[in-house]
Amino acid sequence: MSVILYCFLPFAGALVVLGFWRQRRRASILPPGPPGDPLIGHLLRMPSKDSALVFHEWSKTYGPVMHLKVLGRSMIILDSYEAAVDLLDKRGIIYSDRPTFTLYELLGWHPTLTFLRYGKKFNIHRQMHQSFLSRHKIEGFKPMQTQEARTLVKNLLESTPERYEKSISRFATGVLTQIVAGHRITSDDDPYLHMSRMTFEAMAKTGPPGNSPLDFFPLLQYFPPWFPGASHVAVVRTWNPTMRELHEFPLRTTGAAMPSFILEQLEEMVEGADEEDLKGSAATMFGAGEITTWGTLSTFILAMILHPECQAKAQKEIDSVVGGARLPEFGDREDLPFVDGILQETFRWNPGLQLGVPHRVMEDDMYQGMLIPKGSLVFTNVRGMSLDENMYSNPTSFDPQRYLPTPVGRSEPNFSNMSFGFGRRICTGELVANNSLWIAIASILATCKITNAVDETGKIIVPENTLTDGLVRQVICICTTLKPNYTCLKAIQRTSDVLSLHGLPVPKRSLWKQLVEFRVFHSSSF
Ligand code: HEM
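Residues numbered from 1 in each chain as written. Predicted model: local features only at pLDDT ≥ 70, side-chain atom pairs only at ≥ 80, totals over all residues. Heavy atoms only, no water.

## Notes on the pairing of strand E6 (residues 377-380)
Every regular strand shows the same layout, with side chains that alternate between the two sheet faces.
Thinking step 1. Both faces of E6 are covered, namely the face carrying Leu 377 and Phe 379 and the face carrying Val 378 and Thr 380.
Thinking step 2. Summarising the sheet, strand E2 (residues 73-78) and E6 pair through four bridges and their orientation is parallel. Residue pairing for E6: Leu 78 is matched across the bridge by Thr 380.
Thinking step 3. Relative to E6, strand E3 (residues 359-360) runs antiparallel, the two being bridged by two bridges. (Buried < 20%, exposed > 50% of the residue type's maximum accessible area, 1.4 Å probe, protein only. Helix = DSSP H or I, 4+ residues; strand = E, 2+ residues; numbered from the N terminus. Pairing = 2+ DSSP bridges.)

Encoded structure:
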């Protein structure tokens, strides 16, 4: 016995030394990052807000590929477009997994393309999305998107400032309900709008995916909500039924009257196919597409308030192309490069998904001499990329001209290359979203003059640049405190103007109080 022990001990000792040496060697070739603490790593150093900006600052010291460790989990932050393309695009075969998002799964987002692990189900869902949102198919959505953009303008013009936000979210949802379920929203009481609000509320309670203690310690789901770290258990109990309804409702109510994603998928469904896949991929379109589109439009409005010179220039461009006779259409897009520049600059100025959605690397990988350990979460710091001075001159300024070809502009790269993600997980709704946003922006610019509001004393109100800090960075609109009888909307009558609006109340602490003077063209499309 003692002989065996005698032989085994040096062997075990050698193994321990080897393991220790291997760990030290691996640690020495990890990408650089700020120093962490023993065991908990960077847990206490993780920024509680504006993470993307803080990571960008760190990257100035540690470089565009950074390593952080939180409770044993490696996180890689990619702060440059080049690194994101090199890893997520070119090595997509090992960089396309997602981590398990326990909280989102418990909430009922299952199976949902955005959070699916890389594998068979992912391929099925991705295929379903791509076949319906292909470059060819989305051409057919353009008349509907144009119609919805006209309705948006009409609703904006007819509503009070505190309802602008609702009109914008109705536009984002309205495009998707037609695509997904062939359902046209005609009233503010539409059940889809109710569901959209509920989804937004639920997501506001959860924070970004992968960020909850439940994601780090899934066992917490079995603890009562008062237990430290288990507060999200209460969120799950409250919101799971709502999220499940978002999955069930579209399939239950889709009719055959209008073509739609659900109808086409039902017609093509092969025997043995799982209906849950269809429910999941339909719900994903709402979950992933509503708040992002709505948020980008809100950012556009804020940018126009702060940069009236850009607004005036775009309106001049529109006037020169369509005159006062009609509203812009998709066919005019090529002739409106500055309007396109406004869209690109809106994406860049305040990217909705500042840190993208994390990918998970499936194997150990080496990049420029650095080890990217298997299982790491890989975040794309889209905010950091937007501020990259090698790509964008004077990056903090709002300058749509930068995208125009030289010598008029500086031919800087379109930011949509970055804002919709990378590789095999790139946003499936990119083309739809791009078109929805372009036609909405062109229609609003053609019909509305967006200006600072003034307060009761006649003083111009400068918008506070208040933005949420969740998964999707939103312009905050606090529209609850109203000041009645305050006039902030005034129609400018042009030759063919049809509306004149006045005497509308302004919410006391809302960005929307900055709005608006509208100039309204007569349009038969209304
Ligand atoms: C301004 C609007 C939008 C922005 C900025 C945006 C951005 C993004 C980003 C950054 C990702 C993560 C990509 C990655 O992991 O690398 C993503 C994923 C996704 N988006 Fe969008 N998106 C928008 C609109 C939409 C719309 C309208 C739809 C659906 C019709 C949609 C469907 C999806 C889906 C399904 C995914 C998950 C893809 C996957 O995991 O394979 N998005 N989006």
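## Concerning the coordination of the iron atom of the ligand
Octahedral metals with six donors have ideal donor angles of 90 or 180 degrees. Tetrahedral metals with four donors have an ideal donor angle of 109.5 degrees.
Thinking step 1. There is one protein donor for the iron atom of the ligand, namely Cys 427 (SG), at 2.3 Å.
Thinking step 2. With respect to the helices, strands and loops of the structure, Cys 427 is situated in the loop between helix H18 (416-419) and helix H19 (430-447). (Donors = N, O, S within 2.8 Å, 3.2 Å for Na, K, Ca; no water.)

## Re the pattern of salt bridges
Thinking step 1. Considering all chains together, one arrives at 26 salt bridges under this definition.
Thinking step 2. For the salt bridge of Arg 333 with Asp 340, the shortest nitrogen-to-oxygen distance reads 3.0 Å. For the pair Arg 333 and Asp 340, one class covers both residues: buried.
Thinking step 3. Residue Arg 402 is joined to Glu 412 by a salt bridge in which the shortest nitrogen-to-oxygen separation is 2.8 Å. Here the residue Arg 402 occupies a position in the loop between helix H17 (382-386) and H18, and Glu 412 occupies one in the loop between H17 and H18, the gap between them amounting to ten residues.
Thinking step 4. Exposure remark for Glu 412: the relative accessible area of 8% places this residue in the buried category.
Thinking step 5. Counted as one network, the salt bridges with shared partners bring together Glu 345, Arg 348, Asp 399, Arg 402, Arg 410 and Glu 412. (Salt bridge = Lys/Arg side-chain N within 4 Å of Asp/Glu carboxyl O.)

## What to know about helix H2 (residues 51-62)
Thinking step 1. In a regular helix each residue adds 1.5 Å, so twelve residues correspond to 16 Å; H2 covers 16 Å between its end C-alpha atoms and thus fits that length.
Thinking step 2. The set of residues buried in H2 consists of Ser 51, Ala 52, Phe 55, His 56, Trp 58 and Ser 59. The arc that holds every buried residue of H2, seen down its axis, measures 165°, which confines them to one face. Facing away from the buried side of H2 by over 90 degrees, the exposed positions are Lys 60 and Thr 61.
Thinking step 3. Downstream of H2 by a residue or two, Gly 63 has a phi angle that is positive, lying close to 100°. (Expected span 1.5 Å × (residues − 1). Arc of directions from axis to C-beta.)

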